[in-house]
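# Structural description and commentary
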Amino acid sequence: AEAAAAAEAAARATERKTVVLEDTFAGQAAAAADDEVAWEALRGALDGWMDRLRSELRLAPSSFAEESAEWAAGGLRGSLDGFASPAVEWGVRYANEAAESGGGGGGAALGSAGAKSVGVNLWLTSRLPVPHMTLYVGVRAGRATLMADHLPRFDLGERPEHVAAFYGGEQASRWSAAQRVKGLTPFRSSDPSVRALQGPNALALHGAAADPHAVSALVAELHRHAGTWLGWVRTTPLLDDGAEAEAVRARDWSLRAALRDHERAAGERFMGPDVAATLSASMAGPELRAEDGARAEPLAWRPAAAADGVAKAAEEDLRRFGETAQRVVAGVPAAGGAEPGEHRSLSVEVTVHRDFGSFMAAKPGLEVLGDAGKPEVLVRAHAFAEPDWRSFDRPLANTPEGVYTYVHELAAAAGTESGPLAGPTICLKLKRREAVAAALGGTALDDLAAREGDAPDLEAARRVNQLACGWQPPPSLCAARSTGEPLRLELTGDRELLDAPDGPLGNKGGLYIESRVRVAPAEGNPSVLRVTSPTITTPLVGVPEQFRAGHYMKVLSPWAGYAEAIE
């Protein structure tokens, strides 16, 4: 009887233990499921931004971090991809995961893969004075984490304008609000050497992975952090001072080297010295060279902002100038005049671009609209007021083998030291005279090309320069016109840009980007400036439709007030 009672008691105890274990396993499974949902939300948000940044910043894969592409050590495994672009000196996307949560905090496993994290670091070129960006998300032991920072490029005590532009005002208010979000807990690194490098608005937040409101708040902060930064990259002017850019370059590398040393020391405890050294070096990227300080291209460089009224007037006047320039190139009078062809009229729509990237991506177009009784030819042209690019290099192509850079034609090489012209250079993308004539005459462009050939019109930009010399801008723009000694200009035939496969650029597009309006004293008469515009004409036949019959040119500003264009 005693044995039977003992056996029954043991059975009940085993049953209780089984129930407890089942409850524990069920709880762990539920926690793992919550962790996985939170992980997918955070990882998806970060990788969504990474995809967008790859496109908008033209991030190209780099071979520098190849040995860290896949790694495993100390129960951890991960991946690391390196990138570079015209605006980003070095960028990485890194991911880690563990079979189970270990050390420090302990906790439940995340599914079968354990703790997971992914991050992005983007280090900008030294001529673009926008804070660097870091993003990190992770899920471990039921906690979801976001860390994000805009790393300063200057000593903020010496640059209060940098604080105001990137850390004050709304940014400071949003940071303060993020510290008080219900369900989120702020924290800081325990390492003072890391805290010393962080920005004033560095974010470090975590919340329960099972709390959908907490996870949603982390995702919202991630979107805000990345979106704000991209806006800065797209609109902040470059540094013009080479010495200042060099100082930024030196500081950038010191910052990257300090973080590299910290990551190597921290990693040695988990993955050993060899793997830690390799990964930390890949995270830091190639050491910056002195010449890298002279290379940059923000994605959407914009001239210094003018008063809204003047900017709007300039945009409208440039649109009007571009429309008239298209008619000058086509040899068609202004609206209302007699036009060639079978009773067809020509309309021109001009898009004025505020950034160089969108202008270069745009293509001029031509359509025949309307009914048979009153057909209309519509040309869609593009215009951009090009700022002074100075003499620094700007990358035009990125490949896995490296970043290829080309030097803008220097002012001295173009002869402009003898008398620079006032106002920005005007970049135009128009349709060729032949394309407009064929459309107005109801003729197929292929037939016209077969009959008349494909020789470029090397007087088109000269005629547009004549238009610029006599242009009458609205009164609000007159203040921007030259008030110095009136210039006398000799307008010459156009300089057609041709492919040069053996040259550093190789194609017309690169040549167009780099070219300048050439200005030099006229031969035998130094009081007269000789002006030559660069142009490109794309073929009439044999290329895809969007590339056919384009006429690209750079011409004089219509707002400079040139007194006389002599024959």
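Preceding this section is the structure that the text describes.
First, a word on scope: everything that follows refers to the structure included in this document. (Residues numbered from 1 in each chain as written. Predicted model: local features only at pLDDT ≥ 70, side-chain atom pairs only at ≥ 80, totals over all residues. Heavy atoms only, no water.)

## Re the overall build of the chain
Heads up, the rule is: Secondary structure elements follow DSSP: runs of H or I no shorter than four residues count as helices, runs of E no shorter than two count as strands, and numbering proceeds from the N terminus. Exposed residues in this analysis have more than 50% of their type's maximum accessible area, buried residues have under 20%, and partly exposed residues fall in between, with area computed by a 1.4 Å probe over protein chains only. Any two residues whose heavy atoms approach within 4.5 Å at even a single point are treated as in contact. Using a 1.4 Å probe, the Shrake-Rupley method yields the accessible areas, and only the shown protein chains count as cover for residues.
If you tally the helices and strands in the chain, you get 13 helices and 22 strands. Expressed as a percentage of its 567 residues, the buried residues of the chain come to 45%. Within the chain, contacts between residues separated by at least 24 positions form 73% of all contacts whose residues are at least 6 apart in sequence. About 26100 Å² of surface is accessible on the chain, with carbon and sulfur atoms providing 55% of the total.

## Digging into the pattern of salt bridges
When charged atoms on two side chains of opposite charge get close, those side chains can pair. Note the following rule: Whenever Lys or Arg places a side-chain nitrogen within 4 Å of a carboxyl oxygen from Asp or Glu, that contact is recorded as a salt bridge.
Tallying each qualifying case throughout the model produces 31 salt bridges. Taking the shortest distance from any N to any O, the salt bridge between Asp47 and Arg93 comes out at 2.9 Å. Note that Asp47 is positioned in helix α1 (residues 2–56) and Arg93 in strand β4 (residues 88–98), a separation of 46 residues in sequence. You'll find Asp47 and Arg93 in the same group, each marked buried. Here Arg380 ties to Glu367 by a salt bridge, and the two come within 2.0 Å at their closest N and O atoms. Here Glu367 lies in strand β11 (residues 365–369) and Arg380 lies in strand β12 (residues 376–386), a separation of 13 residues in the sequence. By relative accessible area, which is 34% here, Arg380 ends up partly exposed. For Glu367, a relative accessible area of 33% puts it in the partly exposed group. Sharing partners across several salt bridges, the network here consists of Arg432, Arg433, Glu434, Asp454, Asp457 and Arg463.

## Overview of the side chain of Arg462
Quick reminder of the rule: A 3.5 Å cut-off defines polar contacts: any pair of N or O atoms within that distance qualifies, except that in protein one atom must be a possible hydrogen donor and the other a possible acceptor, and neighbouring residues in sequence count only when both atoms are side-chain atoms.
Within the element layout of this structure, Arg462 appears in helix α12 (residues 460–469). In this structure Arg462 comes out as buried when scored by relative accessible area, which is 17%. Within the structure, the side chain of Arg462 is placed 2.3 Å from the side chain of Glu459, a separation counted as a polar contact.

## Comments concerning the pairing of strand β20 (residues 534–537)
Rules: Note on pairing: two strands pair once DSSP finds at least 2 bridges between them.
Here β20 shows no split at all, with Pro534 and Ile536 on one side and Thr535 and Thr537 on the other all buried. Both β20 and strand β21 (residues 550–555) contribute to a ladder of three bridges, which runs antiparallel. Considered in β21, the bridge of Ile536 is made with Tyr552.

## Regarding the packing of aromatic side chains
Basically, it comes down to this: Any two rings among Phe, Tyr and Trp, with Trp reduced to its six-membered ring, count as a pair given centres within 6.5 Å; such a pair is stacked if its planes are under 30 degrees apart, edge-to-face if over 60, and tilted if neither. Our definition puts a charge over a ring when NZ of Lys or CZ of Arg is within 6 Å of the ring centre and also within 35 degrees of the ring normal.
With the rule as written, the count across this model stands at four aromatic pairs. Measuring from ring centre to ring centre gives 5.5 Å for Phe64 and Trp90, while their planes differ by 80 degrees; the resulting arrangement is edge-to-face. Taken as a pair, Phe64 in the loop between β1 (60–61) and β2 (70–73) and Trp90 in strand β4 lie far apart in primary sequence, 26 residues in all. Overall, the relative accessible area of 37% leaves Phe64 in the partly exposed class. Summarising the aromatic geometry, the rings of Phe321 and Trp471 are spaced 5.2 Å apart at their centres and angled 85 degrees between planes, so their arrangement reads as edge-to-face. Of this pair, Phe321 sits in helix α8 (residues 308–330) while Trp471 sits in the loop between α12 and β16 (488–491), and the two are 150 residues apart along the sequence. In this structure Trp471 comes out as buried when scored by relative accessible area, which is 7%. Of note, Lys429 hangs over the ring of Tyr552, and the distance from its end group to the ring centre comes to 4.9 Å.

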